[in-house]
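# Results of the structural survey
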Amino acid sequence: MSTTIKLYGTPLSGHCHRIELALSLLGLPYETMPVDMRAGAHRKPEFLALNPFGQVPVIDDAGTVIADSNAILAYLGAKYDDGTLMPRDPVEAAGVQRWFSVAAGEIKYGPGAARLARVFGAPIDHAAAAAIATQILSLLDTHLADRDYLAAGRLTFADVAIYSYVAHAPEGDIDLAPYAHVRRWLARLEAHPRFVPFPAAADILG
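Below you will find a few notes about this structure. Computed from a predicted model, the values in this text were never measured in an experiment. Position numbers for residues count from 1 along each chain, tracking the sequence in the order it is written. Only residues with pLDDT of at least 70 get local features here, since the model is predicted, and only at 80 or more are side-chain atom pairs given and counted; chain-wide, interface and lining totals rely on the full set of residues. Side-chain metrics rest on all non-hydrogen atoms present in the structure, leaving aside hydrogens and water.

It is worth spelling out the side chain of His-42 at this point. Secondary structure is summarised from DSSP: a helix means a run of H or I of at least four residues, a strand means a run of E of at least two, and numbering begins at the N terminus for each. Tracing the backbone shows His-42 in the loop between β2 (30-34) and α2 (45-48). By the criterion applied in these results, polar contacts are pairs of N or O atoms within 3.5 Å in which, for protein atoms, one can donate a hydrogen and the other can accept it, and in which residues neighboring in sequence qualify only through two side-chain atoms. Among the polar contacts listed, one links the side chain of His-42 to the side chain of Arg-43, at a separation of 3.2 Å. By definition in these notes, contact holds between two residues if any of their heavy atoms fall within 4.5 Å. What His-42 contacts, discounting residues up to four positions off in sequence, is Val-35, Met-37, Phe-47, Leu-48 and Gly-54.

A separate point is the layout of surface pockets. Which parts of space are left empty comes out when a probe the size of a water molecule is rolled across the atoms. Think of a 1 Å grid over the protein atoms and nothing else: a 1.4 Å probe that fits but is trapped marks a cavity, an open set flanked by protein within 12 Å on at least five of seven lines marks a pocket, and residues with an atom within 4 Å of a point count as lining. Grid points are joined across faces, edges and corners, and a volume is the space filled by probe spheres set on the points. In this structure, the largest pocket encloses a volume near 970 Å³. Elements with a contribution of two residues or more to the lining of the largest pocket: α1 (14-26), α3 (69-80) and α4 (90-120). Among the elements that line the lining of the largest pocket, the one with the most residues is α4, at nine residues. The volume enclosed by the second largest pocket comes to roughly 160 Å³. Three classes are used, and their members are as follows: Ala, Val, Leu, Ile, Met, Phe, Trp, Tyr, Cys and Pro are nonpolar, Asp, Glu, Lys and Arg are charged, and the others, Gly among them, are polar. Its residues assigned to classes, the lining of the second largest pocket shows nine nonpolar, five polar and one charged.

Summarising the element assignment, His-17 is placed in helix α1. Among the polar contacts listed, one links the side chain of His-17 to the backbone nitrogen of Phe-198, at a separation of 3.4 Å. If sequence neighbours within four positions are ignored, His-17 has contacts with Tyr-163, Ser-164, Val-196, Pro-197 and Phe-198.

The next thing to look at is the packing of aromatic side chains. What characterises a pair of aromatic rings is the spacing of the ring centres plus the angle enclosed by the ring planes. When two rings of Phe, Tyr or Trp (its six-membered ring) have centres within 6.5 Å they constitute a pair, described as stacked for plane angles under 30 degrees, edge-to-face for angles over 60, and tilted for the intermediate range. For the structure shown, the criterion picks out one aromatic pair. With centroids separated by 5.4 Å and ring planes inclined at 80°, the aromatic side chains of Tyr-163 and Phe-195 adopt a geometry described as edge-to-face. Here Phe-195 lies in the loop between α7 (180-190) and α8 (201-205) and Tyr-163 lies in helix α6 (residues 157-167), a separation of 32 residues in the sequence. The class for Phe-195 is buried, based on a relative accessible area of 17%. Think of it in three bands: residues with accessible area under 20% of the maximum for their type are buried, residues over 50% are exposed, and the middle band is partly exposed, with areas taken using a 1.4 Å probe on protein chains only.

Glancing now at the nonpolar core. The biggest cluster of nonpolar side chains holds 53 residues, and the ones touching the most others in it are Ile-59, Leu-76, Leu-140, Phe-157, Ile-162, Val-166 and Trp-185. Of the residues forming this core, the biggest block, nine residues, is contributed by α6. Leave out the neighbours within four places in its chain, and Phe-157 touches Ala-22, Leu-26, Leu-73, Gly-77, Leu-85, Met-86, Val-96 and Phe-100. For this analysis, a nonpolar core means a set of buried residues of the types Ala, Val, Leu, Ile, Met, Phe, Trp, Tyr and Cys, connected via side-chain atoms within 4.5 Å. Ranked by size, the runner-up nonpolar core spans six residues in total, among them Tyr-8, Phe-47, Val-56 and Val-58.

Evaluation of the coordinates by the stated rule reveals one cavity of 30 Å³ or more. Lining the largest cavity, in full, are Leu-21, Leu-25, Leu-155, Val-160, Leu-189, His-192 and Phe-195. Residue classes in the lining of the largest cavity are distributed as six nonpolar, one polar and no charged.

The next point concerns α4. Each helix should span, by expectation, one fewer than its residue count multiplied by 1.5 Å. With 31 residues, α4 extends only 40 Å from end C-alpha to end C-alpha; this falls clearly short of the ideal 45 Å at 1.5 Å per step. In this scheme, the bend at a residue equals the angle between the axes fitted to the seven residues that finish there and the seven that begin there. At Lys-108, α4 is bent by approximately 55°, the largest bend along its length, and proline Pro-111 sits one to four residues beyond. Of the residues flanking the start of α4, the one acting as N-cap is Asp-89, its side-chain oxygen 3.1 Å from the backbone nitrogen of Val-91. Taken from the residues just after α4, Gly-121 is the one with a positive phi, measuring 65°.

Let us now look at the packing of α1 against α3. In this description, a line fitted to the C-alpha atoms serves as the axis of each element, helices being fitted only across the stretch in contact, and the angle between N-to-C directions of two axes falls anywhere from 0 to 180 degrees. Where α1 meets α3, the axes come as close as 9 Å, and the angle between the chain directions of the two elements is 10°. In terms of their interaxial angle, α1 and α3 are classed as roughly parallel. On α3, the residues that touch His-15, Arg-18, Ile-19, Ala-22, Leu-23 and Leu-26 of α1 are Ser-69, Asn-70, Ile-72, Leu-73, Leu-76 and Tyr-80. Among the residues making up the contact of α1 with α3, the classes are represented as eight nonpolar, three polar and one charged. What sets the label is the angle itself: under 35 degrees gives roughly parallel, over 145 gives roughly antiparallel, 65 to 115 gives roughly perpendicular, and the rest give oblique.

Here it is, written out as structure tokens:
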């Protein structure tokens, strides 16, 4: 690949971390383009020209602009993967898409929302988010009891889509101690030679 993909985002976003991790797993060169959300950079005309929804992440791949983390994963998989991380087999592909939906649903509104409430003081019902988090983490733990990865029997973008907000659930006061299979799965991903860490919010916010 001769060009460098531009990744617009913030290190505090698990959605952005998904894409950084995916780019690293694919071995693609990329440049991070910081978007200062606290200063309202995502509402400025130059960013809205990239994504009218005013959300990160966004990538610019030699002029092809894609927004939304799951859409970006689908794009990167279709263009740059050999079918390993983003399966071509219909059944395996459906399995990955299923977890994309979980990432946009229970993960976002469970551990993701709980983290928003605790770290950023977002006006979110933490108790409701914690209840969703407990439910999805219990399901994940059961699912991972007899498998190493979420889909296709190997590392795929399903794992990438789910990892970030699960790994950082404790930042939202969600305890991972009861979920031994989830914790082993997190450790397995973190041991990958191309793994990219998701920094702790405290390390950035101080």
